[in-house]
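# Examination of the molecular architecture
One-letter residues, chain by chain:
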Amino acid sequence: MIMDGNGRWAKDRNFGRTRGHREGAKRVDEIVTACCRKGIKYLTLYAFSTENWNRPGFEVNMLMRLLVQHLKTMDKKLLKNNVALVAQGSLERLPKFVQLELNRVIRQTSTESPTLYLNLSLSYGGRQEIVDCARKIASEVAAGKYSIDQIDEELVRSRLYHPEIPDPDLLIRTGGEYRVSNFLLWEIAYTELYVTKTLWPDFGPAELDEALSTFSTRQRRFGKTSEQVAETEPAFETSGAAHGFL
Ligand code: FPP
């Protein structure tokens, strides 16, 4: 999910942007709980992009503090719902106090078979993920572990931040903008896109239901013809990921 529209939500009400982000953080909890109830196995949230570092210092600091405050109360809710927190991005760029709290909650919620993996994208950029992946593979080639001929899609995928998480079936963007903003560039090759004008602080379980019901009407062809797909699979077959809302 690309959680966009916190600023506009606040502006519409003559509030400061901080209030919009605080309201947005509350929606995160509601949506995580709703996803658990629906049996969704993986939820990746775009909480802070590499480009968000260019926002005014005040807003960046506020978002970092909000994230830590939220993590401090979120851990109990995650444990109650059997949610395992993971994170992805240039995490070393996050302030130390954020890294410490993030790592604490990741450790505390780590479990063999969670109901839901909650993947927080922080200081995340899709292009940077591909650059990091290229560096890993290049160093392995240099060390003689692989030849250039052995570089294929499977190897690239295995060197992304979370290869154990399947490609998303559905990407939801709130706030009405039709762009992907450097999110999961490799992983969304065959993902269904859903854009809603609803601003993130107004995006609740009913809006999630609406997105999922639209998704269930999509025919996923993965490059085949619609006739081929109709012969072999139900219209709403997933890419193989265990996304339980179907
Ligand atoms: C985009 O809205 C939102 C962000 C850059 C931050 C997202 C953060 C949260 C939802 C809260 C904290 C998250 C967690 C996980 C506790 P925008 O500010 O670009 O909105 P605008 O386009 O209306 O200005």
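We now turn to the structure provided with this report.

What counts, and where the lines are drawn
Residues numbered from 1 in each chain as written. Predicted model: local features only at pLDDT ≥ 70, side-chain atom pairs only at ≥ 80, totals over all residues. Heavy atoms only, no water. Near = heavy atom within 4 Å. Polar contact = N/O pair within 3.5 Å; in protein donor to acceptor, adjacent residues only side chain to side chain. Areas by Shrake-Rupley, 256 points an atom, 1.4 Å probe, with all protein chains shown as cover. Helix = DSSP H or I, 4+ residues; strand = E, 2+ residues; numbered from the N terminus. Nonpolar A, V, L, I, M, F, W, Y, C, P; charged D, E, K, R; others polar. Expected span 1.5 Å × (residues − 1). Buried < 20%, exposed > 50% of the residue type's maximum accessible area, 1.4 Å probe, protein only. Arc of directions from axis to C-beta. Contact = heavy atoms within 4.5 Å. Disulfide = S-S within 2.5 Å.

## Quick look at the site of the ligand
The ligand sits among 16 residues. The nearest are Asp-4, Gly-7, Arg-8, Arg-17 and Arg-55. A distance of 3.3 Å is found between an oxygen atom of the ligand and a backbone nitrogen or oxygen belonging to Gly-5. A distance of 3.2 Å separates an oxygen atom of the ligand from a polar atom in the backbone of Asn-6. For the ligand, whose unbound accessible area comes to 630 Å², protein coverage reaches 91%. When contributions to the shell around the ligand are tallied by element, the ones reaching two or more residues are helix 1 (6–12) and helix 2 (17–38). In terms of residues, the shell around the ligand owes the most to one element, helix 2, which gives four residues. Tallied by class, residues from the shell around the ligand come to five nonpolar, seven polar and four charged.

## Points about helix 5 (residues 126–142)
For helix 5, built from 17 residues, the straight-helix expectation of 24 Å at 1.5 Å per residue is met to within 8% by its first-to-last C-alpha distance of 24 Å. Gly-126, Glu-129, Asp-132, Cys-133, Ile-137 and Glu-140 are the residues of helix 5 that are buried. Viewed along the axis of helix 5, the buried residues span an arc of 130°, placing them on a single side of the element. Turned more than 90 degrees away from the buried face of helix 5, the exposed residues are Arg-127, Arg-135 and Ala-142. Lining the buried residues of helix 5 we find strand 2 (83–88), strand 3 (116–124) and helix 6 (153–158).

## Looking at the state of the cysteines
Considering all chains together, one arrives at zero disulfides under this definition. Unpaired in terms of disulfides, Cys-35 finds its nearest cysteine sulfur in Cys-36, a separation of 7.2 Å. Assessed through its relative accessible area of 12%, Cys-36 is described here as buried.

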